[in-house]
Amino acid sequence: MRYVSTRGTAPVLSFEDAMLSGLARDGGLYVPETWPQLSPETIRGFAAAPYEDVALSVMAPFIGDAFSEEEFRAMIARAYAGFAHGARCPLVQLAPNHWLLELFHGPTLAFKDVAMQLIGQMFETALARAGRRVTIVGATSGDTGSAAIEAFRGLGAVDVFILYPDGRVSDVQRRQMTTPGEANVHALALDGDFDACQARLKDMFNDHAFREEVGLAGVNSINWARVLAQVVYFFTAAAARGAPDRAVSFTVPTGNFGDIFAGYVAKRMGLPIDRLVIATNQNDILHRTLVDGAHRKEGVRPSISPSMDIQVSSNFERLLFDLYDREGPAIAQLMSELGTNGGFTLSQGAVAALRAEFASGRVGEDETLSAIRDWHARTGETLCPHTAVGVAVAETVRDPATPMITLATAHPAKFPDAVERAIGTRPALPPHMADLFDRSERVTRVPDDLTALETLIREARP
Ligand SMILES: *Cc1c(COP(=O)(O)O)cnc(C)c1O
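Computed from a predicted model, the values in this text were never measured in an experiment. (Residues numbered from 1 in each chain as written. Predicted model: local features only at pLDDT ≥ 70, side-chain atom pairs only at ≥ 80, totals over all residues. Heavy atoms only, no water.)

Caption draft 1: Quick peek at the pattern of salt bridges. A full pass over the atoms with the stated rule returns 29 salt bridges. The partner of R129 in a salt bridge is E16, with the nearest N and O atoms 2.8 Å apart. Of this pair, R129 sits in helix α5 (residues 112–130) while E16 sits in helix α1 (residues 15–21), and the two are 113 residues apart along the sequence. When its relative accessible area of 17% is taken as the criterion, E16 is described as buried. Here D284 makes a salt bridge to R362, at a shortest N to O gap of 2.9 Å. Placement of D284 in the loop between β10 (273–280) and α12 (285–292) and of R362 in strand β13 (residues 358–362) is noted, with a sequence separation of 78 residues between them. D284 gets classed as buried once you look at its relative accessible area, which sits at 10%. (Salt bridge = Lys/Arg side-chain N within 4 Å of Asp/Glu carboxyl O. Helix = DSSP H or I, 4+ residues; strand = E, 2+ residues; numbered from the N terminus. Buried < 20%, exposed > 50% of the residue type's maximum accessible area, 1.4 Å probe, protein only.)

What follows is the structure in structure tokens.
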């Protein structure tokens, strides 16, 4: 399989090179040249198969010859061995014909682990083979950074530096980043907000001399390998509910459009998905895009579902590429309008195609809290605020005759303040995390200054 840029002018790459380079050189995102197809027989077989076997079948056509089958199988096994549930991503029934797909049984309690654990293995194997070493630098508002540190801790070919805004992540998120003791991982508390973290990260990637010197690499959600690993659980969940002989729908709490784009990929590969529902919080650019047919930025308003507080959903560009019949120059034009005018209007054909595949809904802060409260009272189930947004939207749009699967993107204990506001008690950490508050922390405070950051990273590498 070869990978092309959504903007049409970057070099065509192999899976391995697309994974290691992240963003394409023309500013676009890498997507596979074609969508591989899985037969109904293959999908039917997933209902009785272990998660790891499905992962191998779904991802193999995208990987090409990057890894041998044996090598890839072993990497998948290592990636998910640490998940605290035998099914890895189990389904739990919430209401008649409405299920939760629990994606939070990984080491940092959010769905980011599903992809990041595997990416850690893939980087390690590819780099060791090439005799290379890279420095991964990431900016996080909480979940991505903890998942990255957990995935790369102790690996030999990678140093990881995660910038987070000092004082603006939850205690659980911070401790997940600061308690791993391995020498190759570094939590950096930056004196500034998340935008400052992202701006300094961008500056580092634009400093080409520094980029070369340390072998800078990125694992944010535009990395194709992350999207790919998320395609797997759409197959396991749909097969468990009767696919391919019955269509199912999914509702996805959405920020950067990575997770729901993985659902779209599953559909392109032959999984019968009726509706893909985009659920947003008050930062609702994607919901407005479906309603208005125009994609317009507004300022981010911080919410109690912070991992969805995003106004530029990077992975939406991958969908636009398909909606515009894979015409790179058209996408480059739209993205330039987004940069200069803060938005663009979609063509009629693109809007029609978008509405044919997706539905959407938006949930405000009060509704999120009452969803947590109501579902807890009705079912005893405690939802994290992101999942609550998904469930609330799913209930308003779903057709009772079609199974609805809402993605549960984080464990409620990762967002205890919001949950306590809703139900009056703080959810307990699961057993494998129970001692998180007893572990010692290791963190470096850093100024919002590029030169100081680069010096620190140079000196902290072996
Ligand atoms: C990252 C995240 C999301 C949003 O996922 P995207 O792929 O960015 O759309 C939703 N919920 C939680 C808990 C997350 O960590």
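So that's the structure; there's more coming.
Caption draft 2: Quick look at the site of the ligand. Looking at the ligand, there are 15 residues lining it, with K112, D143, G255, N256 and T409 nearest. Between D259 and the ligand, the recorded distance is 3.0 Å, taken from a backbone N or O atom to an oxygen atom. Protein coverage of the free-state accessible area of the ligand, which is 380 Å², stands at 96%. (Near = heavy atom within 4 Å. Polar contact = N/O pair within 3.5 Å; in protein donor to acceptor, adjacent residues only side chain to side chain. Areas by Shrake-Rupley, 256 points an atom, 1.4 Å probe, with all protein chains shown as cover.)

Caption draft 3: Looking closely at the sheet that holds strand β3 (residues 91–95). Spatial ordering of the open sheet is given by β3-β4-β14-β9-β10-β13, a layout of six strands whose pairing is mixed. With one partner strand each, in any of the chains shown, β3 and β13 form the two edges of the open sheet. In this sheet, adjacent strand axes meet at a mean angle of 25 degrees when their direction is disregarded. Here strand β4 (residues 98–102) runs beside strand β14 (residues 404–408); their pairing, made up of five bridges, is parallel. The residue bridging L101 from the neighbouring strand is L407, located in β14. Contacts from helix α15 (residues 348–357) reach β10 and β13 within the one sheet, and its direction differs from that of β13 by about 80 degrees. (Pairing = 2+ DSSP bridges. Axes fitted to C-alpha atoms, helices over the stretch in contact; angles between N-to-C directions. Contact = heavy atoms within 4.5 Å.)

Caption draft 4: Representation of the packing of aromatic side chains in the model. Per the stated rule, a full pass over the model turns up 17 aromatic pairs. Ring centres of F67 and F72 lie 6.1 Å apart, and the angle between their planes is 15 degrees; on these two criteria the pair is classed as stacked. Taken individually, F67 and F72 each receive the classification buried, so the pair is uniform in this respect. Between F257 and F358, the aromatic rings sit 5.9 Å apart at their centres with planes inclined by 45 degrees, giving tilted as the arrangement. Separated by 101 residues along the polypeptide, F257 in the loop between β9 (248–253) and α11 (258–268) and F358 in strand β13 bring together distant segments of the chain. Take F257: its relative accessible area is 1%, and that puts it in the buried class. Here the aromatic residues Y3, F15, W35, F62, W224, F257, F261, Y264, F316 and F358 are joined through ring pairs into a cluster of three or more. (Phe/Tyr/Trp six-rings, centres within 6.5 Å; stacked < 30°, edge-to-face > 60°.)

Caption draft 5: Region of the structure containing the sheet that holds strand β15 (residues 444–446). Reading across the sheet, the five strands line up as β8-β5-β6-β7-β15 and stay open at both edges, with parallel pairing between neighbours. Edge positions in the sheet fall to β8 (216–217) and β15, since each has one partner strand and no second. With three bridges joining them, strand β7 (residues 185–190) and β15 adopt parallel strand pairing. Looking at the pairing, L190 lines up with V446 of β15. Against the sheet, helix α6 (residues 143–152) engages β5 (134–139), β6 (158–165) and β7, with an angle of about 160 degrees to β6. Along the sheet, helix α7 (residues 171–178) contacts β6 and β7; its crossing angle with β6, the most-contacted strand, is approximately 155 degrees.

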